[in-house]
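# Remarks on the overall topology
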Amino acid sequence: MALSRNISVSETSRPTLPRHARLKFDETRQVWVILAPERVLAPDEIAVEVLQLCDGVRSVADMVDHLAAKYAAPREAILTDVIAMLQDLADKGFLTEAREKTS
C-alpha cells in the first residue's frame, strides 16, 4: 500500500515523526515504541537513537555526522545504514519530512 505522503530520504532530508505518531518508552515492556493509530512498532536500540535525532530540524547529514563522531565509525557506512532505515520507516508511514513554515 503506497502512501501519497511518502518521502525519499537523502542527506538533505529533515525527517520527523508525523503528527499521528510518537516515540515513547513503554514502561511495562521496558522498550521504546513508535505509537501510531492502530499500529505499534518496537524499533531496535540503534533505530531509537536515530529516531530521537529526527526532530524536523536536523538534516540526515547532521544526524550522520553526530553518530559518526559519537561512535568513531566511518561516516559513509553510517550514512548508508541511516538512510536505509529511515527510508524503510518512511515507506511504512512512520516518518515524514519537515516542511518549511510559511507565514
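Residues numbered from 1 in each chain as written. Predicted model: local features only at pLDDT ≥ 70, side-chain atom pairs only at ≥ 80, totals over all residues. Heavy atoms only, no water.

- An unreviewed UniProt entry lists the chain under the name PqqA binding protein, with Bradyrhizobium retamae as the source organism.
- What UniProt records for the chain under Pathway (unreviewed entry) is the sentence "Cofactor biosynthesis; pyrroloquinoline quinone biosynthesis."
- Listed in UniProt under the heading Function (unreviewed entry), the comment for the chain reads: "Functions as a PqqA binding protein and presents PqqA to PqqE, in the pyrroloquinoline quinone (PQQ) biosynthetic pathway." (UniProt positions renumbered as here; feature names shortened; annotations may be inferred.)

### Some details on the sheet that holds strand 4 (residues 39–41)
- Here three strands make up an open sheet; going across it, the order is 2-3-4 and the pairing antiparallel. Each of the sheet's edge strands pairs with one partner strand only, and the pair in question is strand 2 (22–26) and strand 4. Strand after strand, the sheet turns through a mean of 35 degrees between neighbouring axes, direction not considered.
- The pairing of strand 2 with strand 3 (residues 31–36) spans five bridges and is antiparallel. (Pairing = 2+ DSSP bridges. Helix = DSSP H or I, 4+ residues; strand = E, 2+ residues; numbered from the N terminus. Axes fitted to C-alpha atoms, helices over the stretch in contact; angles between N-to-C directions.)

### Regarding the pairing of strand 3
- The antiparallel hairpin formed by strand 2 and strand 3 contains four residues in its connecting segment, where Gln30 sits at a positive phi of about 60 degrees.
- In this sheet, strand 4 lies alongside strand 3 in antiparallel orientation, the contact comprising three bridges. Residue pairing across strands places Leu35 opposite Val40, the latter belonging to strand 4.
- Between strand 3 and the antiparallel strand that follows it, strand 4, lie two residues; Glu38 among them carries a positive phi value of about 60 degrees.

### Some words on the nonpolar core
- Formed by 25 residues in total, the largest nonpolar core has its most connected members in Ile34, Val60, Val82, Leu86, Leu89 and Leu95.
- For this core, the secondary structure elements donating two or more residues are strand 3, helix 1 (45–53), helix 2 (60–71) and helix 3 (75–91).
- If you tally residues by element for this core, the top one is helix 3, at seven residues.
- Setting aside chain neighbours within four positions, we find Val82 in contact with Val50, Val60, Val64 and Leu67. (Core = buried A, V, L, I, M, F, W, Y, C linked by side-chain atoms within 4.5 Å. Buried < 20%, exposed > 50% of the residue type's maximum accessible area, 1.4 Å probe, protein only. Contact = heavy atoms within 4.5 Å.)

### Re the confidence of the model for the chain
- Mean pLDDT over the chain works out to 89, with 90% of the residues at or above the 70 mark.
- Within the chain, strand 5 (residues 96–97) has the poorest average pLDDT of any element, 90, and helix 2 the best, 97. (pLDDT = per-residue confidence, 0-100.)

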